[in-house]
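The lines below spell out each chain.
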Amino acid sequence: MIRASALTGEGISELRGEILRHIGGETGAQAEAGFLTNVRHQALVQDSLTALDNANCAVTAQIPHEMLLLDLYNALRPLDAITGATTTDDILNLIFSKFCIGK
């Protein structure tokens, strides 16, 4: 059990470390064997990885979470283009339901 406070920030780094340990093993993220045979899919996965790198930089730079979400959505969109899971309209509806934009 890890005690953390969103109010004071106490324990947050320990919580992040524990989450990373659970999802990536003791040494961090582990590479999965495999390859993509479709050039379009390769480009979309690369776009998604670039957006995740941008999100990582945003976290490091302590960019507000609303802006970080844009990077995360930019990482999701290319993957959804492969799977067809989420449309751009779904993302826009989610954004407009959470934030007061243009009022």
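Chains are numbered independently. Their residues run from 1 in the order of the written sequence. Only residues with pLDDT of at least 70 are given local features in this predicted model, and only at 80 or more are side-chain atom pairs given and counted; all residues enter the totals for whole chains, interfaces and linings. Heavy atoms throughout the structure, all of them, feed into the side-chain values; hydrogens and water do not.

**Quick look at the confidence of the model for the protein chain**
Where we set the bar: A residue's pLDDT is simply how confident the predictor is in it, with values from 0 to 100. Put simply, DSSP H or I for four residues or longer makes a helix, DSSP E for two residues or longer makes a strand, and each gets a number counted from the N terminus.
For the protein chain, the mean per-residue pLDDT works out to 81, and 78% of the residues sit at or above 70. Per-element confidence in the protein chain is highest for helix 2 (residues 39-60), whose mean pLDDT is 92, and lowest for helix 4 (residues 88-98), whose mean pLDDT is 70.

**A look at the packing of helix 2 against helix 3 (residues 65-83)**
Formally: Throughout, an axis means a line fitted to C-alpha atoms (over the contacting stretch in the case of helices), and angles, computed between N-to-C directions, take values from 0 to 180 degrees. Small angles under 35 degrees read as roughly parallel and large ones over 145 as roughly antiparallel, with 65 to 115 read as roughly perpendicular and the rest as oblique. The handedness criterion is simple: a crossing whose near helix is rotated anticlockwise from the far helix by less than a right angle is left-handed, and one whose near helix is rotated clockwise is right-handed. Throughout, a contact is declared for two residues whenever any of their heavy atoms are within 4.5 Å. Three categories are distinguished: nonpolar for Ala, Val, Leu, Ile, Met, Phe, Trp, Tyr, Cys and Pro, charged for Asp, Glu, Lys and Arg, and polar for the others, with Gly belonging to the last.
Contact geometry of helix 2 with helix 3 gives a least axis separation of 8 Å together with a crossing angle of 165 degrees. Put simply, helix 2 runs roughly antiparallel to helix 3. Crossing of helix 2 over helix 3 shows left-handed handedness. Residues Arg40, His41, Leu44, Val45, Asp47, Ser48, Ala51, Leu52, Asn54, Ala55, Ala58 and Val59 of helix 2 touch helix 3, and the partners they reach there are Leu68, Asp71, Leu72, Asn74, Ala75, Pro78, Leu79, Ala81 and Ile82. Partitioning the contact of helix 2 with helix 3 into residue classes produces 14 nonpolar, 4 polar and 3 charged.

**A look at the environment of Asn54**
Take Asn54: it is sitting in helix 2. For the pair formed by Asn54 and Leu70, sequence separation is 16 residues and the distance between their alpha carbons is 9.8 Å.

**Observations regarding the pattern of salt bridges**
What counts, and what does not: The term salt bridge refers to a pairing of a side-chain nitrogen on Lys or Arg with a carboxyl oxygen on Asp or Glu at a separation within 4 Å. The rule is simple: take the accessible area with a 1.4 Å probe, protein chains only, and divide by the maximum for that residue type; under 20% is buried, over 50% is exposed, in between is partly exposed.
Scanning all chains against the criterion turns up 1 salt bridge. Here Glu18 ties to Arg21 by a salt bridge, and the two come within 2.7 Å at their closest N and O atoms. You can see Glu18 and its partner Arg21 sitting in helix 1 (residues 12-24), 3 residues apart, about one turn around the helix. For Glu18, a relative accessible area of 26% puts it in the partly exposed group.

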